[in-house]
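Chain by chain, the residues run as shown.
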Amino acid sequence: MAISVMLLIFVCLLLACSFEFINGFHDSANAVATVIYTNTLKPTYAVVWSGLCNFIGVLTGGIGVAMGIVNLLPVEALTDASAAHGIAMVFALLISAIVWNLGTWYLGIPASSSHSLIGSILGIGLAFYFINGENAVNWGKAQDIGLSLLLSPLIGFGMAIVIMFIFKRLIKNDAIYKEPLPGTKPPIWIRIILTITCTLVSFFHGQNDGQKGVGLIMLILIGLVPGYFAIKDTQDLTDTYKQMNHVTELVHKIDTTKLSTKENEDILKTKTRCADLLSILDKKTKVAEIDSAKRFEVRKHILLISKSVEKIGLGENSSLSENEKVDLISTIKASKKITDYAPDWVIILISLSLGFGTMIGWKRIVRTIGEKIGKQHMSYAQGASAELVASATIGMASAWSLPVSTTHVLSSGVAGAMVAKKGLKNLQPKTIKTIFMAWVLTLPVTMILSGGLFLLFRWLF
């Protein structure tokens, strides 16, 4: 690998780690605000503990969310791109996401790192379409992610109200609904709940937001050095060959007379791709046996075959039996082990970046969440309800491989808890308006910024 390419990769990895580091101290308030403002934990203990839990969360989070981020930009948008396109894509993506995150953090606005990253990716895809006239956004995946990001704060707001209602019905201790006295610790059972929920929010934040950083680095590596990172280099190609050969057999079983004209065109292309892929994999057991220039072809073939076969083979015009459809799904999932992966060093790098980032820079956002959302100081019950909702929502999203905004889930949970006490009049309109505007503007601003930078860098490079 040329020294210039290695230097470029190093700079890009540094920027990616900077994004995740900023994400750490931008989002640390989501976990520690409630335990700090209820006197459950001292600030230093809270942020260090949260950083450690974030670190562990990234290590144990898997790669489902990460691959969702990677697949926002279809593989053909990267495969057919020149080196200049790869460089322009990476720098536009990183700079736009970092600028927005830093700006909102400096102003103390709880904005979403997830929105900024995804907006930056979508902006590049749209700019690529503007240049080439080719679709460069996986709109199906974008729709799923967009729905997840849209609904999660609404769920956080509503569920916090419900939990506060349950607290009031079951717990008659008035002390937990009042503002904490300075220097006074909460009741032991509330302290335990708040500590546990702080731990869970931090852990699940690592699992969810940490994977976004992993996905970001994989986008960089696949875009800049596809010959090295397009497919998993430790994968046993014997298994991949068997899996794709079985997919090919199922494809040929589909009765083409029942398909539409468009489906017949797609199935013909898919059969050709299957033949090309099997010829590359034939009699090979290790990825090292595949020429580096062909490895991205393997990735491209597998992903495009999977997409086409799932759409047609599982569609209403498919002649496959139910058992064959189930077999098709499981075989495709197994075959993607070679494309849906992240090296251990990438996961560790993001774990460290997010973990250390969580330990600093937390005061600005903590102050907003703890003091400026509601007109009153956060009570023990409000802190507990917001954290319970946030930990449950983020945990379920991670399990379903959906990216959510930790910031918006927690801040909306705090808002819901405030409303549950005295209604909408208990919210500070200025803060809510600012948070709402950040929620609305993050996607379009980062899309415009990243798309503009992408076009600029393409022109310069």
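Above this text you will find the structure in question.
Reading guide: rules and limits
Residues numbered from 1 in each chain as written. Predicted model: local features only at pLDDT ≥ 70, side-chain atom pairs only at ≥ 80, totals over all residues. Heavy atoms only, no water. Helix = DSSP H or I, 4+ residues; strand = E, 2+ residues; numbered from the N terminus. Rg over C-alpha atoms; globule rule 2.2 N^0.38 Å. Buried < 20%, exposed > 50% of the residue type's maximum accessible area, 1.4 Å probe, protein only. Areas by Shrake-Rupley, 256 points an atom, 1.4 Å probe, with all protein chains shown as cover. Patch = residues over 30% accessible without salt bridge, like charges linked within 9 Å, V, L, I, M, F, W, Y side chains within 5 Å. Salt bridge = Lys/Arg side-chain N within 4 Å of Asp/Glu carboxyl O. Contact = heavy atoms within 4.5 Å. Expected span 1.5 Å × (residues − 1). Axes fitted to C-alpha atoms, helices over the stretch in contact; angles between N-to-C directions. Parallel < 35°, antiparallel > 145°, perpendicular 65-115°, else oblique. Left-handed = near helix turned anticlockwise from the far one by under 90°. Nonpolar A, V, L, I, M, F, W, Y, C, P; charged D, E, K, R; others polar. Phe/Tyr/Trp six-rings, centres within 6.5 Å; stacked < 30°, edge-to-face > 60°. Arc of directions from axis to C-beta.

Draft legend 1. Up close: the overall build of the protein chain. A tally of regular secondary structure across the protein chain gives 18 helices and zero strands. A compact globule built from 461 residues should have a C-alpha radius of gyration of about 23 Å, and the protein chain, at 24 Å, falls within 12% of that. Expressed as a percentage of its 461 residues, the buried residues of the protein chain come to 54%. Just so you have it, the protein chain exposes about 19700 Å², and 65% of that area is on carbon and sulfur atoms.

Draft legend 2. Just a nonpolar patch on the surface, in detail. On the surface, Leu147, Leu150, Leu151, Leu154, Ile155, Met159, Val162, Phe165, Ile166 and Leu170 cluster together to form a nonpolar patch covering roughly 930 Å² of accessible area. Looking at the element boundaries, valine 162 is found in helix α7 (residues 139-170). A relative accessible area of 39% places valine 162 in the partly exposed class.

Draft legend 3. Looking closely at the environment of tryptophan 189. Structurally, tryptophan 189 is set in helix α8 (residues 188-224). Taking the C-alpha atoms as reference points, tryptophan 189 and alanine 390, separated by 201 residues in sequence, lie 19 Å from one another. Non-local contacts of tryptophan 189, meaning those with residues more than four positions away in its chain, are made with Ile171 and Ile176.

Draft legend 4. Quick look at the pattern of salt bridges. Evaluated as defined, the whole model comprises four salt bridges. Here glutamate 297 makes a salt bridge to lysine 294, at a shortest N to O gap of 3.8 Å. With glutamate 297 and lysine 294 both in helix α12 (residues 292-313) and three residues apart, the pair spans about one turn of that helix. A residue is classified by how much of its surface remains accessible, and glutamate 297, at 32% relative accessible area, is partly exposed. Of the charged contacts, one joins glutamate 322 and lysine 325 as a salt bridge, the two residues approaching to 4.0 Å between their closest N and O atoms. Of this pair, glutamate 322 and lysine 325 are both found in helix α13 (residues 322-335), three residues apart, which corresponds to roughly one turn of the helix.

Draft legend 5. Examining helix α17 (residues 406-422) more closely. With 17 residues, α17 ought to run about 24 Å at 1.5 Å a step, and its terminal C-alpha atoms sit 25 Å apart, in line with that. Within α17, 14 of the 17 residues are buried, which leaves it mostly tucked inside the rest of the structure. Looking one or two residues beyond α17, the residue adopting positive phi is glycine 423, at roughly 80°.

Draft legend 6. The arrangement of the packing of helix α10 (residues 237-253) against helix α11 (residues 261-281) in detail. Between α10 and α11, the shortest axis-to-axis distance is 10 Å and the interhelical angle comes to 155°. Viewed along their axes, α10 and α11 adopt a mutual orientation that is roughly antiparallel. Crossing angle aside, the handedness with which α10 passes α11 is left-handed. Residue-level inspection shows Leu237, Thr240, Tyr241, Met244, Asn245, Thr248, Val251 and His252 of α10 in contact with α11, the latter providing Ile267, Thr270, Lys271, Cys274, Leu277, Leu278 and Leu281. In the contact of α10 with α11, the residues fall into nine nonpolar, five polar and one charged.

Draft legend 7. View of the packing of α8 against helix α16 (residues 380-399). Where α8 meets α16, the closest approach of the two axes is 8 Å, and the angle between their N-to-C directions is 30°. Taken as axis vectors, α8 and α16 run roughly parallel relative to one another. α16 is crossed by α8, and the crossing has left-handed handedness. Contact with α8, carried on its side by Ile190, Ile193, Leu194, Thr197, Cys198, Leu200, Val201, Phe204, His205, Gln207 and Asn208, involves Tyr380, Gly383, Ala384, Glu387, Leu388, Ala390, Ser391, Ile394, Gly395, Ala397 and Ser398 of α16 and no other residues of that element. For the contact of α8 with α16, a count of residues per class yields 13 nonpolar, eight polar and one charged.

Draft legend 8. Summary view of the packing of aromatic side chains. Applying the stated criterion across every chain, the model contains two aromatic pairs. Measuring from ring centre to ring centre gives 6.4 Å for phenylalanine 229 and tryptophan 345, while their planes differ by 65°; the resulting arrangement is edge-to-face. Residue phenylalanine 229 is found in helix α9 (residues 226-229), and its partner tryptophan 345 is found in helix α14 (residues 344-358); the two are separated by 116 residues along the sequence. Looking at phenylalanine 229, the relative accessible area reads 16%, which means it is buried.

Draft legend 9. Region of the structure containing α13. Under the 1.5 Å per step criterion, the end-to-end length of α13 is 20 Å for 14 residues, consistent within 8% with the ideal 20 Å. For α13, the complete set of buried residues consists of Lys325, Leu328, Thr331, Ile332 and Ser335. Taken end-on, α13 shows its buried residues confined to a sector of 130°, consistent with a single buried face. Exposed positions of α13 whose direction lies more than 90 degrees from the buried face are Glu322, Asn323, Val326 and Lys333. Residues of α13 that are buried make contact with α10 and α12.

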